[in-house]
Amino acid sequence: MRVGVPKEIKNHEYRVGLTPGAVREYVARGHEVLVETGAGAGIGADDGAYTAAGAVIISTAEEVFATAEMVVKVKEPQPGEWVQLREGQILFTYLHLAPDPEQAKGLMASGVTAIAYETVTDRNGGLPLLAPMSEVAGRLSIEAAGSALMAYNGGRGVLLGGVPGVPPARIAVLGGGVVGTQAARMAVGLGAEVTIIDRSLPRLRQLDELFGGRVRTRFSTLEAIEQEIADADAVIGAVLIPGASAPKLVTREMLGGMNQRAVLVDVAIDQGGCFETSHATTHANPTYEVDGVIHYCVANMPGAVPLTSSHALNNATLPYGLALAEKGIAACDEDPGLMAGLNVRAGKIVNEAVARSLA
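Conventions we followed
Residues numbered from 1 in each chain as written. Predicted model: local features only at pLDDT ≥ 70, side-chain atom pairs only at ≥ 80, totals over all residues. Heavy atoms only, no water. Helix = DSSP H or I, 4+ residues; strand = E, 2+ residues; numbered from the N terminus. Buried < 20%, exposed > 50% of the residue type's maximum accessible area, 1.4 Å probe, protein only. Contact = heavy atoms within 4.5 Å. Pairing = 2+ DSSP bridges. Axes fitted to C-alpha atoms, helices over the stretch in contact; angles between N-to-C directions. Patch = residues over 30% accessible without salt bridge, like charges linked within 9 Å, V, L, I, M, F, W, Y side chains within 5 Å. Areas by Shrake-Rupley, 256 points an atom, 1.4 Å probe, with all protein chains shown as cover. Salt bridge = Lys/Arg side-chain N within 4 Å of Asp/Glu carboxyl O.

Caption draft 1: Molecular detail of the environment of A316. Take A316: it is sitting in helix α11 (residues 306-327). Since its relative accessible area comes to 17%, A316 is described here as buried. In the structure, A316 is positioned 146 residues away from R170 in sequence and 34 Å away in space, judged by C-alpha atoms. Apart from residues no more than four positions distant in its own chain, A316 is found in contact with P128, L129 and P132.

Written out as structure tokens, the structure reads:
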């Protein structure tokens, strides 16, 4: 199969769909890989590295889209990209369609078969292609919170770990999945006081054992959320309903009970955000203020560390990409987990959770 890798064009997105190492694996299995010139610049991989791996360097994204049978990306296609997709072509990337009806319409109109990393499942119902970026985003969320709390960035002026004689920052983490766990790990490591809120008692028990009592755990209720965010210096939104829009756990009314210049970090913003007052921001302009509360809602957080992120992502996506390159869409018929990743086919939304969110 002819596999194409265009350069990412989303604001401050430096990741790449295939690393040179991944390209080498495709080529070794007899596939042709077309890479747009400069696609790997963000990870320090020049065109020479891709040529050495067996790729063909293409001068424009238009040629990549026009000639590739499968397009491998990182972020969802932008308007100028989805109009270049076509019937009979496979798109393999993150899509996050639930909060993005315009992209959904664009993909349906194109006739492309679109498989979303974030809804591919494993045998245990996990999300193996979302997990590595969730790990990155969870860890970055604490760095983002710490930066946003700095007075020169508009924050409360609180040091996450405190110092002897001065208490540390209080961090409330909404959601005990991959993002929440990694956020808590980073926050605890820096010496912050951490509470994790989740609606699964078995998961709370696991977290209590994992952290050995170093974090507080609370069952998720409106009262618990209100109480914890009222005392928090920073709140990490880490909830996820696979494929669907994120639930709004913090309303605008609740902001009135929070500390002034506290910080909300909405890692769920790719799925619409879990704070009522959230809207997507970029690395170029990451924060804004609502009712005295600082919001950090960057929709591609892992793009800030593209070297780490691209390799972590490729490690996870490579087996699935190779299966698609070998068998085409038939690979989905043979793998229920890959079939769960199928979001758009023959002009229709075929993932049930995504379809419900867009209805």
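Caption draft 2: Inspection of the sheet that holds strand β11 (residues 263-266) at higher detail. One open sheet holds the seven strands; their spatial order is β9-β8-β7-β10-β11-β13-β12, and the pairing between them is mixed. Only two strands of the sheet have a single neighbouring strand rather than two, namely β9 (216-219) and β12 (287-290). Strand after strand, the sheet turns through a mean of 20 degrees between neighbouring axes, direction not considered. Relative to β11, strand β10 (residues 234-237) runs parallel, the two being bridged by four bridges. Each residue of the ladder has a partner; that of I236, found in β11, is V265. In the packing of helix α7 (residues 178-189) onto the sheet, contacts are made with β7 (170-174), β8 (193-198) and β10, and the angle to β8 comes to roughly 170 degrees. Lying over the sheet, helix α9 (residues 222-231) contacts β7, β8, β9 and β10, oriented at roughly 145 degrees with respect to β9.

Caption draft 3: Expanded view of a nonpolar patch on the surface. Taken together, L159, V163 and V166 make up a surface patch of nonpolar side chains, about 260 Å² in accessible area. With respect to the element layout, L159 can be found in the loop between α6 (131-148) and β7.

Caption draft 4: Summary view of unusual backbone geometry. We note that H96 has phi near 50 degrees; this positive angle belongs to a residue other than glycine. Take H96: it is sitting in the loop between β5 (90-93) and α5 (101-110). The exposure class of H96 is buried, given its relative accessible area of 8%. With phi around 65 degrees, R261 is a residue other than glycine that occupies positive phi space. Within the element layout of this structure, R261 appears in the loop between α10 (252-255) and β11.

Keep in mind these numbers describe shape, not what the thing actually does.
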